[in-house]
Amino acid sequence: MRPQSRDYPRRNRGAIRTALAAAVLAAGAAGCVPDRVATPMPIDLLRELPRAARGPAAEADERIRVELVDGPDGVRPALVMHPTSRVIWQVQMAERAELRTTIARLPGSDPGATLSVRLGVSDERIYEDHFRETLDPPPGDTASWRPITIDLSLYSGPKWSLFHQPSRRLWSLVLNVQGDGQTAVALVEPVISAPSNRPGRPARSP
């Protein structure tokens, strides 16, 4: 007697493959979904400041605050930070995104003091710098403003991958200001939004 064939009918094999593919998709999506809903864009980092982590905690209100400054286009709200200080925003960017702001070292500070700014992105496993620069003191009593644009497409928007979906993850946007003496940096109206043709100087790679 010939043993019975163990081959499944073709339609059954097709159904099994479909079920497996659905399971893989579900597992990949479940592993990327954070505990919170995506932050609506545009993301106004000044409005999000009360929910951000600021340090050092004992002097956060003195070293990190929102002020009206005489910017390149008149008086504008800005994030003013004195060294040494740090702000960490938690953001999830469902759309392809970039950060735009205008930055300057404020006048009236110690001209011999050093002042450096770093901005990077972390997911608690990795950290990548996207802006790092030492700011020279302004030549006179007027700040030397300049726009910057930081590409955040690595951490935002949909991707053609089952497992790599950064738009479903929660990212830490980390801004560090370091230096000495009496000095400060201002970032006018920092906003995360979809890319546009608005003029801006791309951030330099570290």
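The structure under discussion appears in the preceding block.
Criteria and thresholds
- Residues numbered from 1 in each chain as written.
- Predicted model: local features only at pLDDT ≥ 70, side-chain atom pairs only at ≥ 80, totals over all residues.
- Heavy atoms only, no water.
- Pairing = 2+ DSSP bridges.
- Helix = DSSP H or I, 4+ residues; strand = E, 2+ residues; numbered from the N terminus.
- Axes fitted to C-alpha atoms, helices over the stretch in contact; angles between N-to-C directions.
- Buried < 20%, exposed > 50% of the residue type's maximum accessible area, 1.4 Å probe, protein only.
- Polar contact = N/O pair within 3.5 Å; in protein donor to acceptor, adjacent residues only side chain to side chain.
- Contact = heavy atoms within 4.5 Å.
- Salt bridge = Lys/Arg side-chain N within 4 Å of Asp/Glu carboxyl O.
- Phe/Tyr/Trp six-rings, centres within 6.5 Å; stacked < 30°, edge-to-face > 60°.
- Lys NZ or Arg CZ within 6 Å of the ring centre and 35° of its normal.

**Q** So what's going on with the sheet that holds strand E5 (residues 85-91)? Residues and values would help.
**A** With respect to topology, 5 strands assemble into an open sheet ordered E2-E5-E10-E7-E8, the strand pairing being antiparallel. Only two strands of the sheet have a single neighbouring strand rather than two, namely strand E2 (53-55) and strand E8 (127-134). The mean inter-strand angle of the sheet, taken between neighbouring strand axes irrespective of direction, is 10°. Two elements, strand E7 (residues 115-122) and strand E10 (residues 171-179), share 8 bridges in a ladder whose sense is antiparallel.

**Q** Give a detailed account of unusual backbone geometry, specifying residues and quantitative values.
**A** Residues other than glycine predominantly adopt negative phi, and peptide bonds predominantly adopt the trans conformation. Of note, the amide linkage connecting Gly55 to Pro56 takes the cis form, showing an omega dihedral of 0°. By the element assignment, Pro56 lies in the loop between E2 and helix H2 (60-63). In this model, Pro83 is joined to Thr84 through a cis peptide bond whose omega is -10°. Along the polypeptide, Thr84 turns up in the loop between strand E4 (74-81) and E5. The phi dihedral of Glu124 falls on the positive side, at around 75°, and the residue is not glycine. Looking at the element boundaries, Glu124 is found in the loop between E7 and E8. Owing to a relative accessible area of 77%, Glu124 belongs among the exposed residues under this scheme. Phi at Glu189 is positive, roughly 45°, even though this residue is not glycine. Here Glu189 lies in strand E11 (residues 185-193). Assessed through its relative accessible area of 35%, Glu189 is described here as partly exposed.

**Q** Account for the side chain of Ser193, with residues named and values stated.
**A** Relative to the helices and strands, Ser193 is located in strand E11. A polar atom in the side chain of Ser193 sits 2.9 Å from the side chain of Arg100. Excluding anything up to four places from it in sequence, Ser193 contacts Met41, Pro42, Arg96, Ala97, Glu98 and Arg100.

**Q** Now, about the environment of Thr114: what can you tell me, with residues and values included?
**A** Note that Thr114 resides in the loop between strand E6 (98-105) and E7. For the pair Thr114 and Gly179, spaced 65 residues apart in sequence, the C-alpha to C-alpha distance is 4.9 Å. If sequence neighbours within four positions are ignored, Thr114 has contacts with Arg105, Gln178, Gly179, Asp180 and Thr183.

**Q** Please give an account of the pattern of salt bridges that cites residues and values.
**A** According to the stated counting rule, one finds 11 salt bridges in the structure shown. Notably, a salt bridge pairs Glu59 with Arg63, separated by 2.3 Å at the nearest N-O pair. Its relative accessible area of 32% is what places Glu59 among the partly exposed residues. For Glu133, the salt bridge is made with Arg146, and the minimal N-O distance between the two is 2.0 Å.

**Q** Please give an account of the packing of aromatic side chains that cites residues and values.
**A** In the structure shown here, the tally under the stated rule is 1 aromatic pair. Taking the centre distance of 4.8 Å and the plane angle of 65° together, the rings of Tyr155 and Trp171 count as edge-to-face. Of this pair, Tyr155 sits in the loop between strand E9 (146-151) and E10 while Trp171 sits in strand E10, placing them 16 residues apart in sequence. Tyr155 sits in the buried class, given a relative accessible area of 2%. The ring of Trp171 has Arg169 lying over it, and the distance from NZ or CZ to the ring centre is 5.4 Å.

By themselves, these are just geometric observations and shouldn't be taken as functional.
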